[in-house]
Amino acid sequence: MRMRQLTPDIEVSEIGFGNWTVTTGWWGDYSRQEAVALHRAAFDAGVTFFDTASVYRDGYGEEVLAEALGEVREQIVIGTKFGYDLDVDTGSRGQQERPHRTDVASVAGALDDSLRRLGTDVIDVWQLHNPRMAHLVDDELFAFLQQVKEEGKVRATAIALGPRIGWRDEGLHAMHTRDLDVVHMIHNMLEQDPGRDLVAAARETDTGLIVRVPHSSGLLEGHLHADTVFPANDHRRHRPRSWLLEGVQKVERLRFLERSDRTLGQAALRWVLDHDVAATALPNIYDIDQLQEFVGASDAADLTDEEHRMVAELYADGFGVVPETDQETRLRDVS
């Protein structure tokens, strides 16, 4: 496992483990025993960075992480998130966004709750979860974040940006106006914007990056097809069919990245990690086979300059894929 600096004093494995896959119900149902076992298998495979959030089933994600890896706490780096009001029940296992609650008293209580659930006296990377611009201009909130760093309860402060609900402008504003150590964002070969702007800002501001969804919600793993049917408890079932139909066509144009010593899924991770400011990538890991493949990306060949150029050209051309709505319109016109 290759290691990288997330901050000057925090080293992480370049392949991390985000436990939302096995604790939120978005990717199927896992028993507590199964979730704990997958955490331990990841650690045994060389993973040292583990990411969770207080909102993952009202603290369950943090509790599972503590149960799985409490005995090796000094050997791992823990990231967790705060900012949502856990007293509000959405009635849908977290798949509907809760309201934020970021007054200092509430955030202080949330920090103590996370420390207790994680069974630790310090959180390595504490992230404001899916912030809006109003949160980023809150001087009292950021003064408190600086205070808990000075007190030693938190080693690094961060924001975890959410797609479509606080994304490009929020990330750029935060990196240029706040003393952040880390930004957590989505970035992959199929979804390069606004990530490219955020990567550039991270370089300018010397901000470490955590990258999630490196496989574009499974598309870049290379196993989905036009007839894929997602289980009822898989959140991708609720996406428009055009997302799948267009996505599998784009992936076919990236098959040239597959080699005898590198799968497409590993190439997708290497593409993310070829960004110099990306310290760790969080693939969605939901079984042992995937864990082994994705951890193996650390031994896989880096993309060549020519491969990077070809990916960039494909992205600029929309991968040569006609949007699904346009295809449907043309079919109606012909008939």
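Note that the structure is predicted; figures quoted are calculated from it, not measured. (Residues numbered from 1 in each chain as written. Predicted model: local features only at pLDDT ≥ 70, side-chain atom pairs only at ≥ 80, totals over all residues. Heavy atoms only, no water.)

Draft legend 1. Fine view of the overall build of the protein. Along its length, the protein carries 13 helices and 10 strands. Against the 2.2 N^0.38 benchmark of 20 Å for 335 residues, the protein shows a C-alpha radius of gyration of 20 Å, consistent with a compact globule. Along the first, second and third principal axes, the C-alpha set of the protein runs to 65 × 45 × 40 Å. Once local pairs closer than 6 in sequence are excluded, the contacts in the protein between residues at least 24 apart make up 77%. Distance between charge centres in the protein, computed from 35 positive and 59 negative side chains, equals 3 Å. (Helix = DSSP H or I, 4+ residues; strand = E, 2+ residues; numbered from the N terminus. Rg over C-alpha atoms; globule rule 2.2 N^0.38 Å. Contact = heavy atoms within 4.5 Å. Lys, Arg positive; Asp, Glu negative; His and termini not counted. Charge placed at Lys NZ, Arg CZ, Asp CG, Glu CD.)

Draft legend 2. Structural context of the pairing of strand E8 (residues 182-186). Most of E8 is tucked away, with five of its five residues classed as buried. Residue alternation in E8 divides its side chains into two sets, Val-182, His-184 and Ile-186 and Val-183 and Met-185, and both sets are buried. Pairing of strand E7 (residues 154-160) with E8 involves three bridges; the strand directions are parallel. Looking at the pairing, Ile-159 lines up with Val-183 of E8. Both E8 and strand E9 (residues 208-212) contribute to a ladder of five bridges, which runs parallel. Of the residues in E9, the one forming a bridge with Val-182 is Gly-208. (Buried < 20%, exposed > 50% of the residue type's maximum accessible area, 1.4 Å probe, protein only. Pairing = 2+ DSSP bridges.)

Draft legend 3. Quick peek at the packing of aromatic side chains. Within this structure, the stated rule accounts for seven aromatic pairs. Seen from their ring centres, Trp-27 and Tyr-286 are 5.6 Å apart, and the 20° between their planes marks the pair as stacked. Of this pair, Trp-27 sits in the loop between helix H1 (20-23) and helix H2 (32-44) while Tyr-286 sits in the loop between strand E10 (278-282) and helix H11 (288-295), and the two are 259 residues apart along the sequence. You'll find Trp-27 and Tyr-286 in the same group, each marked buried. Geometrically, the ring pair formed by Phe-82 and Trp-126 is stacked, given 3.9 Å between the ring centres and 25° between the ring planes. Taken together, the residues Phe-82 in strand E5 (residues 77-82) and Trp-126 in strand E6 (residues 123-129) connect sequence positions 44 residues apart. Looking at Phe-82, the relative accessible area reads 2%, which means it is buried. A relative accessible area of 1% means that Trp-126 is categorised as buried. Aromatic rings pair up to connect Trp-20, Trp-26, Trp-27 and Tyr-286 into one cluster. The ring centre of Tyr-60 lies 4.2 Å from the NZ or CZ of Arg-57, which sits over that ring. (Phe/Tyr/Trp six-rings, centres within 6.5 Å; stacked < 30°, edge-to-face > 60°. Lys NZ or Arg CZ within 6 Å of the ring centre and 35° of its normal.)

Draft legend 4. Quick peek at the packing of helix H7 (residues 168-177) against helix H8 (residues 195-205). Closest axis-to-axis distance for the H7/H8 pair is 10 Å, and the angle between their directions is 0°. The angle between H7 and H8 places the two elements in the roughly parallel class. On H8, the residues touching Arg-168, Gly-171, Leu-172, Met-175 and His-176 of H7 are Asp-197, Leu-198, Ala-201, Ala-202, Glu-204 and Thr-205. When its residues are assigned to classes, the contact of H7 with H8 shows five nonpolar, three polar and three charged. (Axes fitted to C-alpha atoms, helices over the stretch in contact; angles between N-to-C directions. Parallel < 35°, antiparallel > 145°, perpendicular 65-115°, else oblique. Nonpolar A, V, L, I, M, F, W, Y, C, P; charged D, E, K, R; others polar.)

Draft legend 5. Broad picture of the environment of Gly-247. By the element assignment, Gly-247 lies in helix H9 (residues 241-252). Among the residues examined, Gly-247 registers a relative accessible area of 4% and is labelled buried. In sequence terms Gly-247 and Leu-190 are 57 residues apart; their C-alpha atoms lie 8.1 Å from each other. Excluding anything up to four places from it in sequence, Gly-247 contacts Leu-219 and Ser-242.

Draft legend 6. Structural view of the nonpolar core. Of all hydrophobic cores here, the largest spans 87 residues; its most connected members are Phe-50, Trp-126 and Leu-254. At seven residues, the largest contribution of residues to this core is made by helix H10 (residues 264-273). Excluding residues within four positions of it along the chain, Trp-126 makes contact with Thr-80, Phe-82, Val-107, Leu-111, Phe-144, Leu-145, Val-148, Val-154, Ala-156, Thr-157 and Ala-158. In terms of nonpolar packing, the next biggest core, distinct from the first, is built from 12 residues, Ala-158, Val-182, Ile-210 and Leu-282 among them. (Core = buried A, V, L, I, M, F, W, Y, C linked by side-chain atoms within 4.5 Å.)

Draft legend 7. View of the sheet that holds E6. Spatially, E3-E4-E5-E6-E7-E8-E9-E10 is the arrangement adopted by the eight strands of the open sheet, whose pairing is parallel. The sheet terminates laterally at strand E3 (17-18) and E10, the two strands that pair on one side only. Two strands pair when backbone bridges link them, and E6 and E7 are joined in this way by six bridges, in the parallel orientation. From the neighbouring strand, Trp-126 faces E7, where its bridge partner is Thr-157. Running at roughly 150° to E7, helix H6 (residues 139-151) makes contact with E5, E6 and E7 of the sheet. Across the sheet, H10 is in contact with E9 and E10; its angle to E10 comes to roughly 150°.

Functional significance is not addressed by these values, which are geometric in nature.
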